[in-house]
Structures are given as C-alpha cells and as structure tokens.
Amino acid sequence: MSEELPEHQQFLNPEQFKAVTQTDGAMLILAGAGSGKTRVLTRRIAQLLYNGTDPKAILAVTFTNKAASEMKERVEELVGEAGKKVWVSTFHSSCCRILRQDIEHLGYTQRFSIYDDDDQKRIVRGLLDELNIDRKAHPPKSFLSQIDFHKNRGRGPDEVLKEHRGHDVQTLLRVWRRYEESLLAADALDFNDLIGKVVILFRDHPEVRQKWQERFEYVLVDEYQDTNRLQYALLRVLAEPQRNIAVVGDDDQSIYGFRGADITNILSFEKDYTEANVIRLERNYRSTPNILAVSNALVAKNKGRMEKRLWTEGDPGSKVRMVRRANARDEAEWVADAAQLMQRRGAEWEDIAVIYRTNATSRVFEQAMQRRAIPYRIVGGRKFYARREVRDILCYLRQLTNPADDAAFLRVCNVPTRGIGSKGLADLRKEASTRGEPLLNVAKGMTSGSPRARKAIGAYAELIESLTKWSHELTPAELVARVIKETGYQGMLSAEKTRESEGRLENLNQLCMDAASFEHPDPHANDFETLAGWLDSVALTGQDEQIPDGGMLTLMTVHNSKGLEYPIVFVVHMMEKQFPHARSLDEDGGVEEERRLAYVAFTRAKLQLIITYNVIGPSNDYGGRGGPTDPAEPSRFLFGLPDECLEGDLPDVEPHAAQLKALAVRKKTIHDQKLQAFLERQKENAAVEVEEPDDLRLIEVESSDQISVGVRVHHPRFGVGTVRMVRGRGPIAQVFVAFAGGRTKSVRLGDPSLQLVMD
DNA sequence: CCATACGCTGGTCCT
DNA sequence: CAGCGTATGG
C-alpha cells in the first residue's frame, strides 16, 4: 500500500496520518514526548504543498531557533525548493519581519532597534535617576521583571492600574510609562514588544491586519503549551478568517512559565475553536519502557494536567540508574568516567548528553571532561555574541541603522575612552530630555556642559556620522571592519598586547567573517538592508558558535534540551534547591513546573537514563573549588518512582553496545559530511599559515594563560597550527587547533607534546 | 572632571 | 566572573 502513498504520508500511525492529512480547519494535536510531533508538523506542511497551497501562505511558528531551523531543514528535505518559501520561524522573528514592513503605522520607523535585557537595564537605570528613585532600594531589574510580567500577559499600564492599587504600583507605573516613552523615542522595541506591537498593529489598523490575514491561509504552531497570552492573541487574529490553525503541544512539557507560558491556552483553544479536531498522539517511539515508566510516574504527581497515557513497546531496556557521590566534583568525575567507558564500548560521543538545571552547573562537568580530553560542546547559544567586544561593536552598528538608539549610544560612546565622563553624559542626557531628542542628535550641537565635554561629545557624533555614510557604501563585512578600525577599538585592543586582547581581536575578526557569511532572505536586498537583517538575526538568535555537533558530547540546560533526543542521557545535580530550584519553591505552581522540567529531561533519553546527585551541594560556580555549601538532599523528584525500573548507585555502566553501534553507523555518515564542511572552511584560514620555519623556538605550554585564539602552537604529529578555540582554563584546557592542510584537531593543553611557537 | 584600580556582591530558565 | 560603586591619582 505504501507504494501508492506520497512519501510524506508513509510510515505514519493512524493518528499521525489523520493529523497530517486533515489539513483544513482547526486542529489540536496533543502529542506526548517522543510521539513524532515534529514529524507530523513537517509532513503536514508537505501535505499542504502537495495539495497545491502556495508556500507563502503557510506560517509555522516554533519557540526556539534550533527547532525552527531543524523543521525548515526537514521540510526542505521532503519537498525541496518550495520549502524555502514557507515561513518557518520563531514567534519573535516572524513578528520582527512583519514589523519591519508595517511598523510605521505605530510611530516607529522600519529601522527600529531590538533591545536585549542589557539595553533595557541601561534605559531603566537612567530613568530611575531622572525620577529620583533610589537604585539600591529598587534595582532596575525588579522593575523590568514586573514590566515583562505584565507585557507577557498582554497587559498595559492602564489595565494594571485597574487591577491593582497601592504605592508600589504607582511607582511601577511611573517607571513603566517613562520606559515606554523612552523606547518609542529611541525607536526601539524590547522582546515582548516584538509580539505586542504586532497585536496592537493588527488591532488598530484593519487594512494591515487584513493583508496579513489574507496572506497566511494556514497557521501551524509547535510547542503550543508554551505560548503566553500575548502570543495566543496574535495567533487568534492571524488565523482568521479561515481558521486553518493547527497547534501541537503537550501540557506535560510546559516549561516557560517564567515567560508567561499559560497552559490554559490549551483549554482556551478548545473553547475558542469549538469546531477543532482533537488528536492524541500517545505512542512514544523514542524511549525504552523503563525510561518511559519512570518519566510517567514522575509527571503523574502533578495535579493540573490533562489525562494522557504515553505508551511504548519492545524490550524494557536497561534500568534507570541513580548515582550518588560525595560532592560535585566526584559526581562530575563519575559521569565523565562513565561516558568514557561507554564510548570505549562503542558509543559515539554525540550519542551522549549531560543535562542540568542551571548553566552554572556546567563548569564542574566541563572540567571533568577536560581532564579526560573528552571532546564536548556546550549548547548555550549566547556565548559568542555575549562577548563584550562583540556587543560593543554591535552597538556601534546599531547606531548606524538607528541614530536614535540611546542604549547603544550610552554603551559605547566612551569605549575606547574619549574623554566623555559621567558629568558630560549627565548634561547631555538632561539636554536631550528637555529637547525631547535622541542623544546622538543633541550631541552634534550640545549647548550645555563644559566646553571640553562638548568637544569630546561632538567629536563622537561626528565619528558616528562619518561611519553612517560608509554604511551605505560598504558591504556589512567591510563596514564591520571599518567600524572596528575607525572607532579606535582596534587600536585600543592592539595596544594592550595581552593574550586576552589578542583573543578579543580574533573574536572581532570572526565577527567580520560572520557578517560576510550572512545571507539576507531577500536576495535583492542592498548592503544597508543586509546589515539590518544581520543585526536582527544576531539579536534574535544569539546564534550558536559554528562548531559541528559531530564527535562531541553535549552539555546543556534542560531548557535547551527540549525537542532533542540522545541515546544516553545523564541528568545531573538532581538535588533539592537545584532541581527543583530554590527560587521555584515559593512560586505558585513552581514545583509542578520544575517537575515538568525533570520530565522533559528524562524523556530526552532513548536507551539509557542515568540520574546523578551528590550530598555536599552544588559546585561553587565560579573559579574556586570553593568548598561545600549547604549539605544537599536528593531531589524530591527521585522518590516514589517505580522500583522495578530503577537500579542504584553502581558506577559501572553497561551500554547497549550492539544497538549503539548500529546507531553510530547510520549517524556517522551525516556527521562526517558536516565535519567535512567545517574542515573545508577551516582550510581557507589555515592555508595562509602553511609556512613552517626550520628552526622553531618552542617552549612548553604550562597553563591556559599562555594560550588564546590566534596563538601558534606546535605538535610533533601535525606540525604548526593556529589555535581556533580554547575551552576551559588551567592545565587541562581543551584546545582546538587548525593545522596546515586544513586539519583541525582537538588537543589537551596538558599534553606535553603541545608546544608554544615563539617568534 | 575624567580615567583607572580595586573590592564587594549577587545568583533560574530564554527570545 | 562581571558589573557596579567607591577611592585615588592625573
């Protein structure tokens, strides 16, 4: 029979088949963990195209960029070119695209900036000074989290005023209103505005609303359980008038409560779309029965959840293992040992994931991996773009696309130092706020303040002005290079002449290359539009470092693990106050959300799940092995699980060698291709550095301080190479080196064969 | 008035 | 560790 079916309809169970082929009308797909929800979504898109739907009329929204790019990839695999025209993106980037076209109705320009939390803080800080509010007693962050809280739920100051009274609210509202004014004046949106402004745009401008409603005939939503009120409002409008909306979600995997995710949106959906078809995908294809039984038992303890029976069949698999160690370090050592053992017995590194609740936990585990030279990667996203030098340069660029961007101005106007100090800035701000103009405007012809400050600030304005001219004539990459030079940033760093400053320079180099490789979705875009597009993508994605995931073990937070799966999963630091996190304990429903988080973590595992904890406490996050904190108790989530599926405390671990082998063979080809591409790219860099002098002056590398990106090293087997990346600190840091001929190797720093090349 | 050095403190999760 | 506030020196 399958021969007569088109490819995208093959190999589906009856429920999945229905979810794929009934394309019209509203549909609620309740999809348990591992029940093939991505498969269903991608194939549903394929089905739509198969039916002759215009790809441009399809909008698919996901929550994370990773999920979006993965889905896009899979759709293209299924349907080829047409897949490229489908909008598959996160809520935030879809909204950003809409606003870049139509925001002018709301008094912003198309060149608006996107503010991250750092920018937000900078603005609020200034506001508090202006309003004479004590920053110590009321930290900017507390205002911001309240503002975000309400915005996430689609409320504005007026609504909040109606609901609450009291002086606290009065101050909040004062700050909030000024905050909104400042953003409007700065032509900037925060993350919530990206969604919120679209909702307002559609509410107040019917002709715009209609345009987009007509454009999107079909709306699909992934991870629906994580939508907040605001996002739901947006979806409702977009799906009209056809009401062809399909949402896929699992109430047990709702883990974004802190961002306003509201599970009751699932109930609202059934109420608002009474015609909706409800389909349940309850068969799990991912995990072994033992893993599933433990996960089910865990999440069953939650009160407010929809009845769902997740089942699977086949060999029960190995039991879920629990391991207790004396302290964080021992725990990490054990995990690293176990991982190494598994790898020796046939598992690939990329089959293994270590999942934790908080980012800070990664460090101990990183160190343990480094000691054994286990290649690993951290899925954390932010890293590169969070670097100070990178963010500084981005702020310069933002001022070129948006001269009103005050947060960017404030961040970099004195980096490197140009004689603009706090007094001069204060005068400037005062003048700007009385004139109601952006800082940069006022800076050009400042009338207040001392002559010296005026001169310094005026010079800065001129600098930006001259760079702005360039922004229309240069490609983004050329422009970035120019900015780095003209602003004196390069000079500042090269004058420092430390390993660190050289590393920063290398990062900026990387930033240029990154800009060069950015492709604007619209091939006709000019340089300026390409720059703006690149800045958007940087702001919205945080973008992962370009390391292929082949050949490495993965470390990540639970939130980052959502939607992924691994044959072997370690869930670590399962202790009270960590998991559930201390901060969740006094929140309403906090512990239930933590339990869902644990459920998500557990259900990432396909073959083997290992849960570890220790009795001393979490690692002391930074630097120091800072000793025991509070004695820790095992997480409450480890109790009341089915005994027959568990085994305890034995450090030797038996992997399913045969199954892992089979998996490895299949995956290897894919990974090899990715790795190949990576190496190709590296080759271009390495080609420059092939010459290898006869008499090398070499000295032994003793600590990571001597090594940084760009430094040349020598290895007896591979010759001279350039350091591309350094992971971790101290004598056991892991170093990725590009050797001549395009080979990139990961070397352990302590490896005595690795030596520093002296010039 | 500005730049720099240094000590203190805080702290989920993510777009 | 980083970002902030304070103390000190140009």
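Only a predicted model underlies this, so the values are computations on that prediction, with no experimental measurement involved.

From N to C terminus, chain A includes 29 helices and 21 strands. Looking at chain A as a whole, 53% of its 759 residues are labelled buried. Of the contacts formed within chain A by residues at least 6 apart in sequence, a portion of 75% connects residues at least 24 apart. In the form shown here, chain A has an accessible surface area of approximately 33800 Å², with 50% of it arising from carbon and sulfur atoms.

For the rest of this paragraph, the subject is unusual backbone geometry. Of note, the amide linkage connecting Glu-240 to Pro-241 takes the cis form, showing an omega dihedral of -5°. One can find Pro-241 in the loop between helix H12 (229-239) and strand E7 (245-249). Here the bond from Phe-579 into Pro-580 is cis, since omega is 10°, no more than 30 degrees from zero. Summarising the element assignment, Pro-580 is placed in the loop between strand E13 (566-571) and helix H28 (590-602). A positive phi is found at Asn-132, a non-glycine position, where the angle reads about 55°. With respect to the helices, strands and loops of the structure, Asn-132 is situated in the loop between helix H6 (117-130) and helix H7 (140-152). The phi dihedral of His-573 falls on the positive side, at around 55°, and the residue is not glycine. Summarising the element assignment, His-573 is placed in the loop between E13 and H28.

With 45 residues, the main nonpolar core has Ile-393, Leu-397, Phe-409, Leu-428, Tyr-460, Val-480 and Trp-534 as its most contacted residues. If you look at the next biggest cluster of nonpolar residues, it comprises 43 residues, including Leu-30, Tyr-108, Ile-195 and Tyr-232.

In this section: the packing of helix H5 (residues 91-102) against helix H10 (residues 191-204). Packed helix pairs are characterised by how far apart their axes lie and by the angle those axes make with each other. Viewed as axis vectors pointing N to C, H5 and H10 meet at an angle of 55°, and their least axial separation amounts to 9 Å. The pairing of H5 with H10 is recorded here as oblique in orientation. The two elements H5 and H10 cross, and the hand of that crossing is left-handed. Across the interface between the two elements, Phe-91, His-92, Cys-95, Cys-96, Ile-98, Leu-99 and Asp-102 from H5 touch Phe-191, Asp-193, Leu-194, Ile-195, Lys-197, Val-198, Leu-201 and Phe-202 from H10.

Attention now goes to the sheet that holds strand E11 (residues 376-379). Judged by pairing direction, the sheet is parallel, and its 7 strands sit side by side in the order E11-E12-E10-E13-E14-E9-E15 without closing on themselves. The open sheet has two edge strands with one neighbour each: E11 and strand E15 (646-648). Taken pair by pair, the neighbouring strands of this sheet meet at an average axis angle of 20°, ignoring direction. Taken together, the 5 bridges between E13 and strand E14 (residues 605-614) define a ladder with parallel strand orientation. Its bridge partner lying in E14, Val-571 is registered against Ile-611. Sheet strands in contact with helix H16 (residues 362-371) are strand E10 (352-356), E11 and strand E12 (553-557), and its direction is about 165° off that of E11. Packed onto the sheet, H28 meets E10, E13 and E14 and runs at close to 130° relative to E14.

Next up on the list: the pattern of salt bridges. The full count for this structure, using the stated rule, is 43 salt bridges. Salt bridges here are not isolated pairs; linked through shared partners, they connect Asp-116, Asp-118, Arg-122, Arg-391, Asp-392 and Arg-411.

Pairing within the open sheet is parallel, and its 6 strands lie in the order E3-E2-E6-E7-E1-E8. Here the strands that pair on one side only, and so sit at the sheet edges, are strand E3 (87-90) and strand E8 (277-281). Averaged over all pairs of adjacent strands, the angle between strand axes in this sheet comes to 15°, irrespective of strand direction. In this structure, strand E6 (residues 218-221) lies alongside E7, joined through 3 bridges in parallel fashion.

Residues Asn-265, Ile-266, Ser-268 and Phe-269 constitute the buried set of helix H13 (residues 264-272). For H13, the angular spread of buried residues about the axis comes to 160°, placing them on one side. Packed against the buried residues of H13 are strand E1 (27-31), H12 and E7.

Moving on to the confidence of the model for chain A. In the predicted model, chain A carries a mean pLDDT of 83, and 83% of its residues have values of at least 70. Mean pLDDT in chain A bottoms out at helix H29 (residues 657-687), which sits at 47, and peaks at E13, which reaches 96. Note on residues 620-629: pLDDT is under 50 here. Beyond four places in sequence and across chains, it has 10 contacts.

For Cys-95, the position within the fold is in helix H5. Each C-alpha atom of the pair Cys-95 and Lys-197 lies 8.6 Å from the other, and the pair is 102 residues apart in sequence. Contact partners of Cys-95, with chain neighbours within four places excluded, come to Leu-194, Ile-195, Val-198 and Leu-234.

Turning our attention to the pairing of E11. Because side chains alternate across E11, one face comprises the buried residues Tyr-376 and Ile-378, and the other comprises Arg-377 and Val-379, equally buried. Pairing geometry for E11 and E12, over 4 bridges, is parallel. Its bridge partner being in E12, Val-379 is matched across the sheet by Met-556.

Another aspect to go through is helix H22 (residues 451-471). The end-to-end C-alpha distance of H22 is 30 Å, a good match for the 30 Å that 21 residues give at a rise of 1.5 Å each. Within H22 the residues assigned to the buried category are Ala-453, Ala-456, Ile-457, Gly-458, Tyr-460, Ala-461, Leu-463, Ile-464, Leu-467 and Ser-471. Check the buried side of H22 and you find it contacts helix H18 (388-401), helix H19 (406-412), helix H20 (422-435), helix H21 (439-444), helix H23 (476-486) and helix H26 (527-541).

We now examine the pairing of strand E9 (residues 320-325). Pairing of E9 with E15 involves 3 bridges; the strand directions are parallel. Along E15, the bridge assignment pairs Val-320 with Leu-646. Sheet topology note: the E9/E14 ladder contains 5 bridges and is parallel. Its bridge partner lying in E14, Arg-321 is registered against Ile-610.

Right, let's get into a positive patch on the surface. A grouping of Lys-121, Arg-125, Lys-141, Arg-429 and Arg-583 is seen on the molecular surface, where their side chains present a positively charged patch. Position of Lys-121 among the secondary structure elements: in helix H6. The class of Lys-121 is partly exposed, set by a relative accessible area of 32%.

Bringing the state of the cysteines into the picture now. In protein structure, a disulfide is the covalent linkage between the sulfur atoms of two cysteines. Enumeration over the complete set of coordinates arrives at 0 disulfides. The structure places no disulfide on Cys-95, whose sulfur is separated from the nearest cysteine sulfur, that of Cys-96, by 8.7 Å. Take Cys-413: it sits in no disulfide, and the sulfur closest to it among the cysteines is that of Cys-395, at 11 Å. Looking at Cys-413, the relative accessible area reads 1%, which means it is buried.

Turning next to the packing of aromatic side chains. Within a pair of aromatic rings, the relevant descriptors are the distance that separates the centres and the angle that separates the planes. Under the criterion given, the structure shown has 12 aromatic pairs. Ring geometry for Tyr-396 and Tyr-460: centres 6.5 Å apart, planes at 50°, overall tilted. Residue Tyr-396 is found in helix H18, and its partner Tyr-460 is found in helix H22; the two are separated by 64 residues along the sequence. Accessibility classification places Tyr-396 together with Tyr-460 in one group, the buried group.

The rules behind each value
- For every chain, the first residue of the written sequence is number 1, and numbering continues from 1 along that sequence.
- Each chain gets a letter, beginning with A, and each ligand a number, beginning with 1, in the order they are written.
- Only residues with pLDDT of at least 70 get local features here, since the model is predicted, and only at 80 or more are side-chain atom pairs given and counted; chain-wide, interface and lining totals rely on the full set of residues.
- The side-chain numbers reported here are obtained from all heavy atoms of the structure, hydrogens and water having been left aside.
- Labels follow the DSSP assignment, with helices taken as runs of H or I lasting at least four residues and strands as runs of E lasting at least two, numbered in each case from the N terminus.
- Burial here depends on accessible area, computed with a 1.4 Å probe over protein chains only, as a share of the maximum for the residue type. Under 20% is buried, over 50% is exposed, and the range in between is partly exposed.
- The criterion used for residue contact is that any of the two residues' heavy atoms lie within 4.5 Å.
- Methods summary: accessible areas were calculated by the Shrake-Rupley approach with a probe of 1.4 Å, and residue burial reflects only the protein chains presented.
- The definition of a nonpolar core used throughout is a set of buried Ala, Val, Leu, Ile, Met, Phe, Trp, Tyr and Cys residues joined through side-chain atoms within 4.5 Å.
- Working convention: axes come from line fits to C-alpha atoms, limited for helices to the stretch in contact. Angles between N-to-C directions cover 0 to 180 degrees.
- Any angle that falls under 35 degrees is termed roughly parallel, while one over 145 is termed roughly antiparallel, one within 65 to 115 roughly perpendicular, and all others oblique.
- Left-handed describes a crossing in which the near helix is turned anticlockwise from the far one by less than a right angle; the clockwise case is right-handed.
- When DSSP locates at least two bridges between a pair of strands, those strands are taken to pair.
- Criterion for a salt bridge: a side-chain nitrogen of Lys or Arg within 4 Å of a carboxyl oxygen of Asp or Glu.
- The directions considered for the arc are those from the helix axis to the C-beta atoms.
- Confidence scores per residue from the predictor, reported as pLDDT, run from 0 to 100.
- To estimate the expected span of a helix, subtract one from its residue number and multiply by 1.5 Å.
- Note on patches: the residues involved have over 30% relative accessible area and no salt bridge, like charges join within 9 Å, and the nonpolar side chains Val, Leu, Ile, Met, Phe, Trp and Tyr join within 5 Å.
- Lys and Arg are tallied as positive, Asp and Glu as negative. Neither His nor the chain termini are counted.
- A charge is said to be at NZ when it belongs to Lys, at CZ for Arg, at CG for Asp and at CD for Glu.
- We call a pair of cysteine sulfur atoms a disulfide whenever their separation is within 2.5 Å.
- Any pair of Phe, Tyr and Trp rings, taking the six-membered ring for Trp, is counted once the centres come within 6.5 Å. Such a pair is stacked with planes under 30 degrees apart, edge-to-face with planes over 60 apart, and tilted for the rest.

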